[in-house]
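Each chain, written out:
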Amino acid sequence: MILESQLFQPFTDEPIAVTSESGEWIAPFELDLGPDKLRRMYQDMLLGRAVDERMSRLQRQGKVSFVAPSGGHEGAQVGIAHALRAGHDWLFPYYRDVTLPLAIGVPVVEFVAQAMGTAADPSRARQMPYHASSKELNVFSAASPIASHIPPAAGCAISMKLRGTDQVTVCTFGDGSTSEGDWHAGVNFAGAQGAPIVFACQNNRYAISVGFEKQTGSDSIYTKAHAYGMPGYFVDGMDPLAAYYVMREAVQRARDGFGPALVELLVYRYGGHSSADDDSRYRPRAEVEAWRKRDPLARLRRFLTRRGLWDDAAEKEAEAVVRAQVDDAIAQAQAAGDVAVEAMFEDVLAEVPERLVKQRSELLG
Ligand SMILES: Cc1ncc(C[n+]2csc(CCOP(=O)(O)OP(=O)(O)O)c2C)c(N)n1
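Treat the numbers as computed from the prediction; the structure is a model and nothing was measured. (Residues numbered from 1 in each chain as written. Predicted model: local features only at pLDDT ≥ 70, side-chain atom pairs only at ≥ 80, totals over all residues. Heavy atoms only, no water.)

## Some details on the overall build of the protein
- Along its length, the protein carries 12 helices and seven strands.
- The globule rule puts the C-alpha radius of gyration for 365 residues at 21 Å, and the 21 Å found for the protein is close to it.
- Along the first, second and third principal axes, the C-alpha atoms of the protein reach 70 × 50 × 40 Å.
- Taken over 365 residues, the protein has a buried fraction of 54%.
- Each charge class in the protein was averaged separately, 38 positive and 48 negative side chains, and the resulting centres sit 2 Å apart. (Helix = DSSP H or I, 4+ residues; strand = E, 2+ residues; numbered from the N terminus. Rg over C-alpha atoms; globule rule 2.2 N^0.38 Å. Buried < 20%, exposed > 50% of the residue type's maximum accessible area, 1.4 Å probe, protein only. Lys, Arg positive; Asp, Glu negative; His and termini not counted. Charge placed at Lys NZ, Arg CZ, Asp CG, Glu CD.)

Printed below as a string of structure tokens:
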């Protein structure tokens, strides 16, 4: 099946890039994004990085109990975010998604309050930090057991197909998740049903300390798409515009009824796996530094600068805006105070059983 709008071949040996490291446009088609959209993507990445860095600092200060550093994933995530219709399509994210939920419109205060576990957290501190969600924006709550969200995401997409809506489901995860049984069950079912879903793997080549070579006998993730009857795209995830264009195409073909796709975005996480990890025990510093040189923010900034859409003054201004946004969100999240302890008895059961009613009154004295 060939789509009229098809720009990319699936199953390429080399990762797809549309800009060079120095920010030149290298795709064999015309850029069709306006200045506002291009600048927005860059600003979204600045915000994602700033939020992530501040949450790591708050973790060190004991104000956040856990973080899953996201630095290095921003290009892939901003591409995914801009490819879907925010608030219309469904998103099943994973814990390393920071730029992604923010870029589709999850308010900064909600993300920050979720990480801090204050009363401004819509999930009322019931989730691990870095598990953002938004009912209003169709963002499911991220799941800690890796790949456990793949079958529900496939089910969501099948449901949209049966209902005849044009909503697409996008589901993100890391390379390690693809070794789980749930991953294969969910991707297989989506393939068999022709479900409108895009599986987006942010492959940072590590699952905590387990390197990619120990994770799978394949030399890639995207090739697994063959077995499930869907196209597999291999993308340079440090190239934000490549992530965007490939995701846009995969989302469009799902929306047009051509079924699922698997997109592998090659990225790198600059930080440890989480705030409970010392990555210097398993990753050479030279490797981390080499990837930092391929930074997705710097790449998009060079692209914008070449086109006369960005300069030092714009950078300074954007940084100030982002800093104020994050400061404000943290202040608001803190001001909301702690979640009331009795909240643990609310929202889960339609009819609260007698024993819980009793426990609640015992607790509240
Ligand atoms: C079912 C299950 N097994 C093990 C874990 C512990 N665990 C948490 S994150 C993780 C690594 C996941 O790696 P990957 O999917 O590549 O994503 P990344 O964290 O690298 O972004 C593991 C093994 C878990 N959360 N769930």
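## Points about the packing of aromatic side chains
- Enumeration over the complete set of coordinates arrives at 17 aromatic pairs.
- Taking 6.5 Å as the distance between ring centres and 35° as the angle between the ring planes, the aromatic pair formed by phenylalanine 11 and tyrosine 222 counts as tilted. Residue phenylalanine 11 is found in the segment before helix 1 (35-60), and its partner tyrosine 222 is found in the loop between helix 7 (212-215) and strand 6 (232-236); the two are separated by 211 residues along the sequence.
- Taking relative accessible area as the criterion, phenylalanine 11 reaches 25% and is therefore assigned partly exposed.
- A centroid spacing of 5.2 Å and a plane angle of 75° characterise the contact between tyrosine 244 and tyrosine 245, whose relative ring orientation is edge-to-face.
- Taking NZ or CZ as reference, arginine 283 lies 5.6 Å from the ring centre of tyrosine 206, over its face. (Phe/Tyr/Trp six-rings, centres within 6.5 Å; stacked < 30°, edge-to-face > 60°. Lys NZ or Arg CZ within 6 Å of the ring centre and 35° of its normal.)

## A few points about the sheet that holds strand 1 (residues 90-92)
- Sheet architecture is open: five strands sit in the order 1-2-3-7-6, paired in parallel fashion. In the strand order of this sheet, the two ends are held by strand 1 and strand 6, each with one partner. Pairwise comparison of adjacent strand axes, ignoring direction, gives a mean angle of 20° for this sheet.
- Against the sheet, helix 2 (residues 74-83) touches strand 2 (169-174), strand 3 (197-203) and strand 7 (261-266), its axis set at about 170° to strand 3. (Pairing = 2+ DSSP bridges. Axes fitted to C-alpha atoms, helices over the stretch in contact; angles between N-to-C directions. Contact = heavy atoms within 4.5 Å.)

## Regarding the site of the ligand
- Near the ligand lie 16 residues; those nearest to it are Tyr94, Tyr95, Arg96, Gly176 and Tyr206.
- Histidine 273 places a side-chain nitrogen or oxygen 3.3 Å from an oxygen atom of the ligand.
- Considering the ligand on its own, with 580 Å² of exposed area, one finds that the protein chains cover 73% of that surface. (Near = heavy atom within 4 Å. Polar contact = N/O pair within 3.5 Å; in protein donor to acceptor, adjacent residues only side chain to side chain. Areas by Shrake-Rupley, 256 points an atom, 1.4 Å probe, with all protein chains shown as cover.)

## Examining the pairing of strand 2
- The element strand 2 is extensively covered by neighbouring structure, given that six of its six residues are classed as buried.
- Here strand 2 shows two buried faces, one formed by Thr169, Cys171 and Phe173 and the other by Val170, Thr172 and Gly174.
- Sheet topology places strand 1 next to strand 2; three bridges connect them, and they run parallel. Its bridge partner lying in strand 2, phenylalanine 92 is registered against cysteine 171.
- Of the pairings in the sheet, the one linking strand 2 to strand 3 comprises six bridges and is parallel in character. Pairing of threonine 172 across the sheet is with alanine 200, part of strand 3.
- The parallel pair strand 2 and strand 3, bridged by helix 6 (residues 181-193), forms a crossover whose chirality is right-handed. (Right-handed = clockwise from strand over helix to strand, strands pointing away.)

## Considering unusual backbone geometry
- For tyrosine 130, which is not a glycine, the phi torsion comes out positive at approximately 70°.
- Position of tyrosine 130 among the secondary structure elements: in the loop between helix 4 (108-116) and helix 5 (150-163).
- With relative accessibility at 1%, the residue tyrosine 130 sits in the buried group.

## Structural notes on the side chain of aspartate 175
- Summarising the element assignment, aspartate 175 is placed in the loop between strand 2 and helix 6.
- Although aspartate 175 is buried, it forms no salt bridge, and the closest oppositely charged side chain is arginine 205 at an N-O distance of 7.4 Å.
- Polar side-chain contacts of aspartate 175 include one of 3.2 Å to the backbone nitrogen of asparagine 204.
- Discounting chain neighbours no more than four positions away, the residues touching aspartate 175 are Cys201, Gln202, Asn203, Asn204, Arg205, Tyr206, Ala207, Phe212, Gln215 and Ile221. (Salt bridge = Lys/Arg side-chain N within 4 Å of Asp/Glu carboxyl O.)

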